[in-house]
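A look at the structure
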Amino acid sequence: MLLEALIIASERAANIARKCREDEHLFKLLIEEKSEDEANPRFVQDFKTLADVLIQETLKHDIGNQYPEMKENIKGEESNVFCNALGERISVEKLESSTQTAELLSKVLNDDPEAAHLLAEEVHRDLTIDDVATQRPDVEISLNYAKLGVWIDPIDSTAEYINGTKDKDCQDCQDDSQTFSTGGLKCVTVLIGVYDLETGGAIMGIVNQPFSSYQDGRWRGKCYWGVYTDTVKCCSITSDSQTEPSYVKVGTNVVCLSGSEDQSIKDKLRSGGFELVEAPGAGYKMLATVVGLADVYLLSKSSTFKWDSCGPHALLRSLSGDIVVFEDAVHRDETISVNYRVDSEAGTNKIESCCNKGGIIAFRNCSIINKIVSLLRDENDGGA
Ligand code: 2IP
Ligand code: CA
């Protein structure tokens, strides 16, 4: 089943992410700063980029191998071509065996067999659905795999992944997922979204939070999923779900924002009685909206990408929510769902053609959108 395969793939990604933070040897490489005078810096990429690329390529391999019809249409944020200190161009990928993958990684890692071995071991570890902290999917979904596209964000909130510690606001990190995190490793997510190539609509999504709680000296994750097709609408967050947070509320009056959001937007939202909270990580803010820590995640700029929002979008849709284009909603009074086809009119520039142009408004309950729009609409806008 595709959904189960994606959940397991996201867990493998989360395992690699955790391993790079928890293993001392890998962690040193992760936080290592490249010095200015490093020989030929053009050819030396950071280990953090390697971790990102390796996770992405492992996901692509796992999904593409099980669903060959989808292979061509699995896309991620990163290019997999890597240059090592010798100037060799190497395509990072998951190979047939752990030994082969380790050999390949060793070339990129400028001959660090220990790091290569540790990573390859995690890339090839056997996993089943029982290894994942999630509600086990129990649903028949019939899909034409050749008509599906996949967006992957291997590690969202990269900055927190490198520099983050436990949640800034959390004293003992037992399981405080009912609290909105304003920074730290909890804001890191692995995002996988499936969309319909013809309509561009998000239909299946996984949000894996590798650093959800810190217990007995190690991090534990949580995985959320949702499906929204013509015939199936279901989500890991249901009333009888093990992962159903008892704290899910409807109508929190909280809006979550990026730290870089415009002051005028913040002022208008506050004047409407909303409490505003800020956190890094587009994926985390969407997850906060999914689990009901916030009513809305709003972003007025075009600074998120298809790989950031496709997965969380499917989750929100499965709960009767949506993600719509900010500009259209606020300035044209049109609620248009974000579309996941690449914008061919934007040319070949990946940033331009893959960004969520015009900003986004993510919400779980549709009734909130009118209130937000009327607060933010300028007097001279059309529509009203
Ligand atoms: C980033 C990351 C940033 C987010 C930005 C994303 O992805 O989630 O935190 O900005 O939109 O593209 P902000 O934190 O202001 O919401 P990545 O970490 O994968 O580059
Ligand atoms: Ca991202």
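Keep in mind that this is a model prediction, so the values were computed, not measured. (Residues numbered from 1 in each chain as written. Chains lettered and ligands numbered in written order. Predicted model: local features only at pLDDT ≥ 70, side-chain atom pairs only at ≥ 80, totals over all residues. Heavy atoms only, no water.)

**Focus on the pairing of strand β10 (residues 275-278)**
Applicable threshold: Note: two strands are recorded as paired if DSSP finds a minimum of 2 bridges between them. A run of H or I in DSSP becomes a helix once it reaches four residues, and a run of E becomes a strand once it reaches two; helices and strands are each numbered from the N terminus.
The sheet contact formed by strand β9 (residues 254-257) and β10 spans 4 bridges and is parallel. Each residue of the ladder has a partner; that of Cys256, found in β10, is Val277.

**Some words on the coordination of the calcium ion (ligand 2)**
Where we set the bar: Counted as donors are N, O and S atoms no farther than 2.8 Å from the metal, or 3.2 Å for Na, K and Ca; water is not among the atoms, and sites may therefore look incomplete. Only protein chains enter the accessibility calculation, which uses a 1.4 Å probe; a residue whose area is less than 20% of its type maximum is buried, one above 50% is exposed, and one in between is partly exposed.
Taken together, the protein ligands of the calcium ion (ligand 2) are Asp153 (OD), Asp156 (OD) and Asp308 (OD), with distances of 2.1 to 2.3 Å. In primary sequence terms, the donor set of the calcium ion (ligand 2) follows D-x2-D-x151-D. Of this pair, Asp156 sits in strand β4 (residues 148-156) while Asp308 sits in helix α9 (residues 306-318), placing them 152 residues apart in sequence. There is no split in this pair, since Asp156 and Asp308 are both buried.

**Looking at helix α12 (residues 368-376)**
Filter applied, for reference: By definition, the arc is the one covered by directions from the helix axis to the C-beta atoms. In what follows, residue pairs with any heavy atoms lying within 4.5 Å of each other are defined as contacts.
Three or more residues of α12 are buried, namely Ile368, Ile369, Ile372, Val373 and Leu376. Down the axis of α12, the buried set is contained in an arc of 125 degrees. They therefore lie on one face. Elements that come into contact with the buried residues of α12 comprise β9, α7 (263-271), β11 (296-299), β12 (322-325), α10 (326-332) and β13 (360-363).

**Quick notes on the confidence of the model for the protein chain**
Basically, it comes down to this: The predictor attaches a confidence to each residue, called pLDDT, with possible values from 0 through 100.
Taken residue by residue, the protein chain gives an average pLDDT of 88. The fraction at 70 or more is 89%. The low-confidence segment residues 39-43 (pLDDT under 50) makes 5 contacts with residues lying over four places distant or belonging to another chain. Low pLDDT, under 50, characterises residues 239-248; the predicted model gives this stretch 19 contacts beyond four residues in sequence or across chains.

**Some remarks on the pattern of salt bridges**
Let me state the cut-off plainly: A side-chain nitrogen of Lys or Arg and a carboxyl oxygen of Asp or Glu constitute a salt bridge if their distance falls within 4 Å.
In this structure the tally under the stated criterion is 14 salt bridges. A salt bridge links Lys48 to Asp46; its shortest N-O distance comes to 3.0 Å. For Lys48, a relative accessible area of 31% translates into the label partly exposed. Arg136 is paired through a salt bridge with Asp130; the nearest N and O atoms lie 2.8 Å apart. Using a relative accessible area of 48% as the deciding quantity, one classes Arg136 as partly exposed. Judged by its relative accessible area of 59%, Asp130 falls in the exposed class.

**Points about the sheet that holds strand β6 (residues 202-215)**
The following threshold applies: Between N-to-C directions, angles span 0 to 180 degrees; the directions come from axes that are lines fitted to C-alpha atoms, helices contributing only their stretch in contact.
The sheet built from 6 strands is open, its strands ordered β1-β4-β5-β6-β7-β8 with mixed pairing. What marks the edges here is a single partner per strand, and that holds for β1 (74-76) and β8 (233-235). For this sheet the average axis-to-axis angle between neighbouring strands, irrespective of direction, equals 15 degrees. Pairing analysis gives 9 bridges linking β6 to strand β7 (residues 218-228), with the strands arranged antiparallel. Following the sheet pairing, Gln215 is matched in β7 by Arg218. Across the sheet, helix α1 (residues 2-22) lies against β4, β5 (189-196), β6 and β7, angled at about 35 degrees from β6, the strand it touches most. Each of β4, β5, β6 and β7 is contacted by helix α8 (residues 282-290), which is oriented at about 75 degrees to β5, the strand it contacts most.

**Brief notes about the packing of aromatic side chains**
Which entries qualify depends on this criterion: Stacked, edge-to-face and tilted labels apply to pairs of Phe, Tyr and Trp rings (six-membered ring for Trp) whose centres lie within 6.5 Å, assigned for plane angles under 30 degrees, over 60, and everything in between, in that order. The criterion for a charge sitting over a ring is simple: Lys NZ or Arg CZ within 6 Å of the ring centre, and within 35 degrees of the ring normal.
Scanning the entire structure with this criterion turns up 9 aromatic pairs. Between Phe211 and Trp219, the ring centres sit 5.6 Å apart and the planes meet at 90 degrees, which makes this aromatic pair edge-to-face. The same class applies to Phe211 and to Trp219, which are both buried. One cation-aromatic arrangement involves Lys306 over Tyr340; the distance from NZ or CZ to the ring centre is 5.8 Å. It is Lys371 that lies over the ring of Phe274; its NZ or CZ is 4.6 Å from the centre.

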